[in-house]
Amino acid sequence: MELIIFIVLAIIIIGFILTYNTVISKKNNVDNALGAIDAELKKRRDLIPNLVESVKAYMQYEKDLLEKITRLRESAEKIEDPEKRLQIEQELSKALQSLKVRFENYPNLKANRNFLQLQTTLTDVEESIAAARRFYNQAATEYNNILEQIPFTFIAKMLGLQKKEVFTIPEEERTNIDIGELFKK
């Protein structure tokens, strides 16, 4: 009889350990993915001073936008709260996108080799940020799924773990997407 009790307790303990380790592994994957996003955002922030300096002479009428980009970059560097920092990074993304659109009005700037190299590097970094966000969304979805599955949900509740938000397209950008265009490609 003692052997049966020992075996049952061993199975319960092993099950608990495996469940705990799975939950922690998924949580760490989300943290790792968020770190990858932060690293890519840091690369982008490091490019901004060079970009602003490069375009400043050409884009005299865009002074307000350049100052806004600089302010957002500085804010993102200083803020410790990851959620607030990501909000500022989204604002920075919009400002940089606006700057890219305005580049078209400056043909001399488009001929500048240094600027073209910076623009290519910035585009590469933006693509890396998008890839890191996809990786994060996958990790967050797997983590969120496990938080709702038995027996993992019990361990997650004991640890006080909460679901993670995934990156989504802002509503204003969704309305600009022509679904028919997506299927033509």
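Conventions and cut-offs
Residues numbered from 1 in each chain as written. Predicted model: local features only at pLDDT ≥ 70, side-chain atom pairs only at ≥ 80, totals over all residues. Heavy atoms only, no water. Salt bridge = Lys/Arg side-chain N within 4 Å of Asp/Glu carboxyl O. Helix = DSSP H or I, 4+ residues; strand = E, 2+ residues; numbered from the N terminus. Buried < 20%, exposed > 50% of the residue type's maximum accessible area, 1.4 Å probe, protein only. Axes fitted to C-alpha atoms, helices over the stretch in contact; angles between N-to-C directions. Parallel < 35°, antiparallel > 145°, perpendicular 65-115°, else oblique. Left-handed = near helix turned anticlockwise from the far one by under 90°. Nonpolar A, V, L, I, M, F, W, Y, C, P; charged D, E, K, R; others polar. Lys, Arg positive; Asp, Glu negative; His and termini not counted. Polar contact = N/O pair within 3.5 Å; in protein donor to acceptor, adjacent residues only side chain to side chain. Contact = heavy atoms within 4.5 Å. pLDDT = per-residue confidence, 0-100.

A look at the pattern of salt bridges
Overall, the coordinates contain 10 salt bridges when judged by the stated rule. Between D46 and K42 there is a salt bridge; the shortest N-O distance is 2.9 Å. Within this pair, D46 and its partner K42 are both found in helix 1 (residues 2-56), separated by four residues, close to a single helical turn. Judged by relative accessible area, which is 38%, D46 ranks as partly exposed. Looking at K42, the relative accessible area reads 35%, which means it is partly exposed. Its salt-bridge partner being R45, residue E77 comes within 2.8 Å of it at the nearest N-O pair.

Structural notes on the packing of helix 1 against helix 5 (residues 113-147)
Their axes nearest at 8 Å, the elements helix 1 and helix 5 cross at an angle of 165°. In terms of axis orientation, helix 1 runs roughly antiparallel to helix 5. Between helix 1 and helix 5 the crossing geometry is left-handed. Counted by class, the contact of helix 1 with helix 5 contains 21 nonpolar, eight polar and eight charged residues.

Some thoughts on the side chain of R73
With respect to the helices and strands, R73 occurs in helix 2 (residues 63-78). Although R73 is buried, it makes no salt bridge; D46 carries the closest opposite charge, 4.2 Å away. Looking at R73, its side chain comes within polar contact range of the main-chain oxygen of R45, at 2.6 Å. If near-sequence neighbours (up to four positions away) are discounted, R73 is found in contact with R45, D46, I48, P49 and L92.

Observations regarding the confidence of the model for the protein chain
In this model, the protein chain carries an average pLDDT of 83, and 90% of its residues clear a pLDDT of 70 or more. Confidence scores differ between elements of the protein chain, with helix 8 (residues 179-184) showing the lowest mean pLDDT of 43 and helix 1 the highest of 90. Across residues 174-185 the pLDDT falls below 50, and counting only partners more than four positions away or on other chains, this stretch makes four contacts in the model.

Brief notes about the packing of helix 1 against helix 6 (residues 152-159)
Geometry of a packed helix pair, given as the angle between the helix axes and the separation of the axes. At a minimum axis distance of 9 Å, the contact between helix 1 and helix 6 shows a crossing angle of 70°. Between helix 1 and helix 6, the angle is such that the two are roughly perpendicular. Handedness of the helix 1/helix 6 crossing: right-handed. Residues F16, T19, Y20, T22, V23 and I24 of helix 1 lie in contact with helix 6, whose contacting residues are F152, I155, M158 and L159. Partitioned by chemical class, the residues of the contact of helix 1 with helix 6 number eight nonpolar, two polar and no charged.

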